[in-house]
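Descriptive analysis of the structure
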Amino acid sequence: MSTTTLLGALLPAVPLVAGLLGLLLPPAPRAAGTGTDRARRVAIALGVAGAAGALALAVALLVTLDRPAEASTTWVDLGGLTVSLGVRLDGAAALVAVAVAAVALAVQVYSIGYLRRGPHDDVDTDHRYPPYAAQISLFTAAMLLVVVAGDLILLLVGWEVMGICSYLLIAHDRRLPEAPAAAMKAFLVTRVGDVGFLLGIALLGVSAGSFRIADVLAHDHATGTLTAACLLLLAGVAGKSAQFPLHTWLPDAMAGPTPISALIHAATMVAAGVYAVTRLYPLFEAAPTALAVLGVMASVTLLLGAFAATAQDDLKRVLAWSTVSQIGYMTGALAVGSTSAALFHLLTHAAFKALLFLAAGAVIHAVGTTLMSRMGGLRRSMPVTFWCTVIGLGALAGVPPLSGFWSKDGVLTVAQDAALHGTGPAPAWVGWLVWLAGLVGVVVTAWYATRLLLRTFLGEARMPLAHPHDPPAVMRWPVLLLAVPAALLGLAGFNWAFARRLLLTPTASAPEHLLIHVGPELLLPLALLVVGAGLAWLRWRRDPAADPATALGPLRPVFAAGFRLDDVQRALVVRPTKALARAARTADEVAVDGAVEGSGRAALGLGGGLAALHRAALPRAAVGVLAGALLIGLAAVVIGVSA
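All of these numbers come straight from a predicted model, not from anything done at the bench. (Residues numbered from 1 in each chain as written. Predicted model: local features only at pLDDT ≥ 70, side-chain atom pairs only at ≥ 80, totals over all residues. Heavy atoms only, no water.)

1. Describing the pairing of strand β2 (residues 81-89)
- As paired strands, strand β1 (residues 69-78) and β2 are joined by nine bridges and run antiparallel to one another. In the strand pairing of β2, threonine 74 is matched with serine 84. (Pairing = 2+ DSSP bridges. Helix = DSSP H or I, 4+ residues; strand = E, 2+ residues; numbered from the N terminus.)

Take a look at the structure:
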């Protein structure tokens, strides 16, 4: 095993060891508001050390990896169907690993301050810090395993461990009655998609005779098998990456601690589906039907998330619906044939969305509410948080020269090329669909990003008794450091060495289209950005006390409810499933159990009757014996006559 592949193997192992050791710690007792007990200190050390070690290994891997590398050993051989333990490394894997580890480290450090007793808490909130920190480490290890796995079964292990960790972390704050329900919903909805993901992996593995990714990609699969497998994999992608129609768990997952929202939205979980498609993209290129489905799914999700974000009052739910929409841009880029554009936006999104969630956590920590209707005027009292939020929202909306501008423009450009010139592997209409949806998304994103900034930080304070201030250093520094890549990471796209790492098949010379596209095509998104932001600004200037969302009129409650797709799922899936379960239970209790219990009662009754006859008095017993002898004799006579 070379040094490079050793680094890849150690990458998930370091946070895994930190997480397992952290699970051995007892939950810290509720000390008198100090949070300085030994278990908490050890948990902090393990969590930070695990994330820092993973980041150091990821950076070392990025520096030393000059060409794709792979190493594996057979783990299980089932009649010629092999499962291997190994890593598959390339430039994209190294960059994604750096992003995952960096956000995980920021979350671990930020959580030290966030899970202390805040000014609006009536109880100490860090009494369960050790399992919390350990679960973050396991979450990080699982995502890194997905990043470096060289075998589909190994990738599936990381994929499923993320599901367990998300369930535990979303439900962490037991004071919130909605947290357990949100965790269960996230677990069940993503499991629906994971069934398809598992079946897709099984189809590919059986077809290739191996689950090793290199073998699966090299095998010549039958067209029907390949299309079916890719469609099944997309079910898992829809669940993990919160894409229509399995997106409904993500807004409710905001019941979890805000640092966990940053981790799920920026570096793990929702990024896993996009990354998994890029790992297997040659298969999707050979299955245009699957890419067409992905394009429709991406376009619907992009617009659905953007419009739903316009009507939310909860600060975190605005960002949650924003994530749904932004992942739609990534999957749209994949649908039109550009893995590099999808990965570029994944990296910039990890930076600015982690920044936005941690900045939102600072606001919530200071004012004690997530509702923007109770905020306002925070610019003066929280200047650091304000300017970091400006950077994050600017990157989200696509304000030049911030990171999101360059990566989102990359997606729009490849979609435009696919629409106008048919350059993508999918039909041209997929390019038109993704491009037009992306352009509408620019307007709507600029609108709700501007509304969030105005409602939260500008205008007059709507909570006069609150005295907010910027967060303490342990929370402030992660936010400040994340503001740097959120602002500048997009400029890395001008660098050929960086762009080359994101190419599916790196070449020695620069490709025709780098990650950054400078030309007249930039003018249309910029004009749409100005329109969206300007509409929100004008509405607010007309009445600073009013919510710009009033402009939505009767559509506002529909958008706020996410187009009532939760109600649709309950009507079409949840209620029929519960009814079927009740019918199955009734059938089991009445028919199956009834037959078993009925036969038992019948046997018991018959035995009781015979026992009663056996215990009869002598005259009755004699009559019974004579009657029996008479019947036997009669039967013998009848048999003799018939013979």
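So that's the structure; there's more coming.
2. Details of the packing of aromatic side chains
- Inspection of every chain in the model, using the stated rule, returns 13 aromatic pairs.
- With centroids separated by 4.8 Å and ring planes inclined at 75°, the aromatic side chains of phenylalanine 405 and tryptophan 406 adopt a geometry described as edge-to-face.
- When its relative accessible area of 7% is taken as the criterion, phenylalanine 405 is described as buried.
- The class for tryptophan 406 is buried, based on a relative accessible area of 10%.
- Note on tryptophan 432 and tryptophan 435: the rings are 5.6 Å apart at their centroids and 50° apart in plane angle, and the pair reads as tilted. Taken together, the residues span about one helical turn, with tryptophan 432 and tryptophan 435 both in helix α19 (residues 428-457) at a distance of three residues.
- Members of the aromatic cluster, each reached through a chain of ring pairs, are Phe307, Phe559 and Phe563. (Phe/Tyr/Trp six-rings, centres within 6.5 Å; stacked < 30°, edge-to-face > 60°. Buried < 20%, exposed > 50% of the residue type's maximum accessible area, 1.4 Å probe, protein only.)

3. Comments concerning the pattern of salt bridges
- Considering all chains together, one arrives at 15 salt bridges under this definition.
- Of the charged contacts, one joins glutamate 70 and arginine 212 as a salt bridge, the two residues approaching to 3.4 Å between their closest N and O atoms. With glutamate 70 in strand β1 and arginine 212 in the loop between α6 (178-208) and α7 (213-218), this pair connects stretches of sequence that are 142 residues apart.
- Here glutamate 70 falls in the partly exposed class, since its relative accessible area comes to 30%. (Salt bridge = Lys/Arg side-chain N within 4 Å of Asp/Glu carboxyl O.)

4. Topic: the side chain of lysine 353
- Position of lysine 353 among the secondary structure elements: in helix α15 (residues 339-367).
- Aspartate 314 provides the closest opposite charge to the buried, salt-bridge-free lysine 353, at an N-O distance of 13 Å.
- Here threonine 323 takes part through its side chain, which lies 2.9 Å from a polar atom of the side chain of lysine 353. (Lys, Arg positive; Asp, Glu negative; His and termini not counted. Polar contact = N/O pair within 3.5 Å; in protein donor to acceptor, adjacent residues only side chain to side chain.)

5. Things to note about the confidence of the model for the chain
- In the predicted model, the chain carries a mean pLDDT of 88, and the fraction of residues at 70 or more is 93%.
- Scored below 50 in pLDDT, residues 31-36 makes eight contacts in the model with residues more than four places away or belonging to other chains.
- With pLDDT under 50 throughout, residues 507-513 is counted as low confidence; its partners more than four residues away or in other chains account for eight contacts. (pLDDT = per-residue confidence, 0-100. Contact = heavy atoms within 4.5 Å.)

6. Observations regarding the packing of helix α17 (residues 383-397) against helix α20 (residues 473-488)
- Taken N-terminus to C-terminus, the directions of α17 and α20 make an angle of 30°; their axes are 10 Å apart at the nearest point. Classified by the angle their axes make, α17 and α20 are roughly parallel. Seen along the crossing, α17 lies across α20 with a hand that is left-handed. Taking contact as the criterion, the partners of Val384, Cys388, Ile391 and Ala395 in α17 are, on α20, Arg476, Val479, Leu480, Ala483, Ala486 and Ala487.
- Grouping the amino acids of the contact of α17 with α20 by side-chain chemistry returns nine nonpolar, no polar and one charged. (Axes fitted to C-alpha atoms, helices over the stretch in contact; angles between N-to-C directions. Parallel < 35°, antiparallel > 145°, perpendicular 65-115°, else oblique. Left-handed = near helix turned anticlockwise from the far one by under 90°. Nonpolar A, V, L, I, M, F, W, Y, C, P; charged D, E, K, R; others polar.)

7. A closer look at the nonpolar core
- Formed by 202 residues in total, the largest nonpolar core has its most connected members in Trp249, Ile264, Phe284 and Leu502.
- With 20 residues, α15 is the single largest residue contributor to this core.
- Dropping the residues within four chain positions of it, phenylalanine 284 is found in contact with Cys230, Leu233, Leu234, Val277, Ala290 and Leu291. (Core = buried A, V, L, I, M, F, W, Y, C linked by side-chain atoms within 4.5 Å.)

8. Brief notes about a nonpolar patch on the surface
- A cluster of nonpolar side chains, namely Val484, Leu488, Leu491, Phe494 and Val518, defines an oily patch on the protein surface of about 470 Å² accessible area.
- Among the secondary structure elements, leucine 488 is positioned in helix α20. (Patch = residues over 30% accessible without salt bridge, like charges linked within 9 Å, V, L, I, M, F, W, Y side chains within 5 Å. Areas by Shrake-Rupley, 256 points an atom, 1.4 Å probe, with all protein chains shown as cover.)

9. Examining the environment of alanine 486
- Mapped onto the secondary structure, alanine 486 falls in helix α20.
- Its relative accessible area of 0% is what places alanine 486 among the buried residues.
- For the pair alanine 486 and glycine 394, spaced 92 residues apart in sequence, the C-alpha to C-alpha distance is 9.2 Å.
- Beyond its immediate chain neighbours, meaning those up to four positions away, alanine 486 contacts Ala351, Phe352, Leu355, Ile391, Ala395, Leu402 and Ser403.

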